[in-house]
Amino acid sequence: MSSTPSAPALYGGTANRRVTVRDILSAKERGERWPMLTAYDALTARVFDEAGIPVLLVGDSAAMVVYGYDSTLPVTVEDLLPLTAAVARATRRAMVVADLPFGSYQGSPEQALAAAARFMKEGHAQAVKLEGGHRVAAHVEALVAAGVPVMGHVGLTPQSVNTLGGYRVQGRGEEAGAALLADAKELERAGAFAVVLECVPADLAAHVTAQLSIPTIGIGAGPGTDAQVLVWQDMAGLSPRTAKFVKTYADLNDTLTGAAKSFADEVVNGAFPDAAHSYS
């Protein structure tokens, strides 16, 4: 009797097709942990795709790292659509998830579907992400019913930063923890295929993860979630300021600064371009 071949690992894997919701859920069943990064352009998306990152998020964090705002609130659908399309064109395997920006879905499930449809049709995303728990459950149901895979997001929800009173850890205390768990369960019930837990105490995040049949994706939520996500500029040491939960794996700020200065020095000194970099 031949054994059934095991499913390919979510991280790495093969590049002959896109990662799907089914792959994400199967990884949860196997107890496999996996990474997710943000991406906003074709070049870095290609690098991350070739590195085997299975899910790329075109985050509304583009408001800050691409457009220079001080929060995620100003970014629009029109701002994010071309970024999403660029990431989708540059990748072959990674699931591309598009953030629904502030103001594009909160009004009604119909508004959410209209925005999501644009990201699927024009941005070529394979899924969308929205923030909130029970208050967006009807939105999630409508999107899933229409064939749009939805990633949820609870805990610190940056689009609600003014209501939350700043970028603060969420879910501390028995009552707050129970409310966060209830929100996550409501997203699961509504049909979300995964849920981001942001800035949540590690013990609570691990408890929520154990209670859900869909994967949890942590960002500032400790090691007990099914997956981890970081803004790639934070991860690579390009951001000037980062949160406590960020670990940097490179120092691109110093690398790029050094390269720019070397280029400038050679131009000023007449060393560039030399004969090897000129046409005869």
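Per chain, the residues get numbers from 1 upward, laid out in the order the sequence is written. Under the rules for a predicted model, residues below a pLDDT of 70 receive no local features and side-chain atom pairs below 80 are neither given nor counted, while totals for whole chains, interfaces and linings still include all residues. Note: side-chain values were computed over all heavy atoms of the structure, leaving out hydrogens and water.

**Q** I would appreciate a short explanation of the overall build of the protein in the present structure.
**A** Here a helix means four or more residues in a row that DSSP labels H or I, a strand means two or more in a row labelled E, and each is numbered from the N terminus. For the protein, the helix and strand inventory stands at 11 helices and 8 strands. Taking 19 Å as the expected radius of gyration for a compact globule of 280 residues, we find that the protein reaches 20 Å, a close match to that expectation. The principal-axis extent of the C-alpha atoms belonging to the protein is close to 70 × 60 × 35 Å. Expressed as a percentage of the 280 residues in the protein, the buried residues total 46%. Throughout, the radius of gyration refers to the C-alpha atoms, and the reference size of a globule is 2.2 Å times the residue count to the power 0.38. Partly exposed residues are those whose accessible area sits between 20% and 50% of the maximum for their type, while under 20% is buried and over 50% is exposed, using a 1.4 Å probe and protein chains only.

**Q** Would you mind showing me how to read the UniProt feature "active site" (unreviewed entry) in the protein here?
**A** In this structure's numbering, the residues bearing the UniProt feature "active site" (unreviewed entry) are Glu198. Secondary-structure assignment places Glu198 in strand E6 (residues 194-198). On the accessibility criterion, Glu198 (11% relative accessible area) is buried. Any two residues having at least one pair of non-hydrogen atoms within 4.5 Å are treated as being in contact. In this structure Glu198 touches His153, Val154, Gly155, Leu156, Pro158 and Ile219, once residues within four positions along its chain are discounted. UniProt positions are given in the numbering used here, feature names are shortened, and annotations may be inferred rather than shown by experiment.

**Q** Honestly, the nonpolar core in this entry has me stumped. Any pointers?
**A** One recurring pattern in soluble globular proteins: nonpolar side chains tend to sit buried together. Note on terminology: a nonpolar core comprises buried Ala, Val, Leu, Ile, Met, Phe, Trp, Tyr and Cys residues joined through side-chain atoms within 4.5 Å. By size, the foremost hydrophobic cluster in this structure holds 56 residues, and its most contacted members are Leu56 and Leu197. The contact partners of Leu197, leaving out residues within four places of it in the chain, are Val154, Leu180, Ala205, Val208, Thr209, Thr216, Ile217, Gly218, Ile219, Ala221 and Thr225. Of all hydrophobic cores here, the second largest spans 19 residues; its members include Met95, Ala127, Ala194 and Ile219.

**Q** Explain the sheet that holds strand E3 (residues 95-99) here, please?
**A** Strands in a sheet are paired, the pairing made by backbone hydrogen bonds, and the direction either parallel or antiparallel. What the 8 strands build is a closed barrel, ordered E1-E2-E3-E4-E5-E6-E7-E8; its pairing is parallel. Taking each pair of neighbouring strands and ignoring which way they run, the sheet shows an average axis angle of 25°. For two strands to count as paired, DSSP must find a minimum of two bridges between them. Note on geometry: axes are C-alpha line fits, over the in-contact stretch for helices, and angles between N-to-C directions span 0 to 180 degrees.

**Q** Can you help me understand the pattern of salt bridges in this one?
**A** By definition here, a salt bridge exists when the distance from a side-chain nitrogen of Lys or Arg to a carboxyl oxygen of Asp or Glu is within 4 Å. Under the counting rule described, the total for this entry stands at 9 salt bridges. One salt bridge in this structure joins Glu50 and Arg46, with 3.4 Å as the shortest N-O distance. Here the residue Glu50 and the residue Arg46 both occupy positions in helix H2 (residues 42-50), the gap between them amounting to 4 residues, near one helical turn.

**Q** Would you mind going over the packing of aromatic side chains with me for this structure?
**A** The geometry of an aromatic ring pair is captured by two quantities: the separation of the ring centres and the angle between the planes. Any pair of Phe, Tyr and Trp rings, taking the six-membered ring for Trp, is counted once the centres come within 6.5 Å. Such a pair is stacked with planes under 30 degrees apart, edge-to-face with planes over 60 apart, and tilted for the rest. For the structure on display, the rule yields 2 aromatic pairs. Ring geometry for Phe48 against Trp232: centres 5.9 Å apart, planes inclined by 65°, an arrangement best described as edge-to-face. In this pair, Phe48 sits in helix H2 while Trp232 sits in helix H10 (residues 232-235), placing the two residues 184 residues apart along the sequence. Under the relative-accessibility criterion, Phe48 is labelled buried at 9%. Arranged with centres 6.0 Å apart and planes meeting at 65°, the rings of Phe263 and Phe272 form a pair that is edge-to-face.

**Q** Whenever I open this one, the side chain of Ser71 confuses me. Can you help?
**A** Within the fold, Ser71 resides in the loop between helix H3 (62-65) and helix H4 (77-90). At a separation of 3.2 Å, a polar atom in the side chain of Ser71 contacts the main-chain amide nitrogen of Leu73. Whenever a nitrogen or oxygen atom comes within 3.5 Å of another N or O atom, the pair is scored as a polar contact, on the condition that within protein one atom can donate a hydrogen and the other can accept it, and that pairs from neighbouring residues in sequence are kept only if both atoms are in side chains.

**Q** Would you mind showing me how to read a nonpolar patch on the surface here?
**A** On the surface, a nonpolar cluster with roughly 390 Å² of combined accessible area is contributed by Met64, Val65, Val66, Tyr67 and Tyr69. Here Met64 shows up in helix H3. Since its relative accessible area comes to 35%, Met64 is described here as partly exposed. Only residues whose relative accessible area exceeds 30% and that form no salt bridge are eligible for patches; like-charged ones are grouped when within 9 Å, while nonpolar side chains (Val, Leu, Ile, Met, Phe, Trp, Tyr) are grouped when within 5 Å. Shrake-Rupley sampling with a 1.4 Å probe provides the accessible areas, and residues are treated as covered by the protein chains on show and by no other component.

**Q** Explanation requested: H2 in the structure shown.
**A** Since there are 3.6 residues in each turn of an α-helix, residues three or four apart along the chain are aligned in direction. Those residues of H2 that fall on the buried side of the exposure criterion are Thr44, Ala45, Phe48 and Asp49. For H2, the arc enclosing every buried residue in end-on projection is 140°, short of the 170-degree limit, so these residues lie on one face. Among the exposed residues of H2, those pointing more than 90 degrees away from its buried face are Leu43 and Glu50. Structurally, H2 contributes buried residues whose contacts are with strand E1 (34-38), strand E2 (55-58), H4 and H10. Between the side-chain oxygen at the start of H2 and the backbone nitrogen of Leu43 there is a gap of 3.0 Å, and the oxygen is on Asp41. Phi turns positive, to about 95°, at Gly52, one or two residues after H2. Directions from the helix axis toward the C-beta atoms define the arc.

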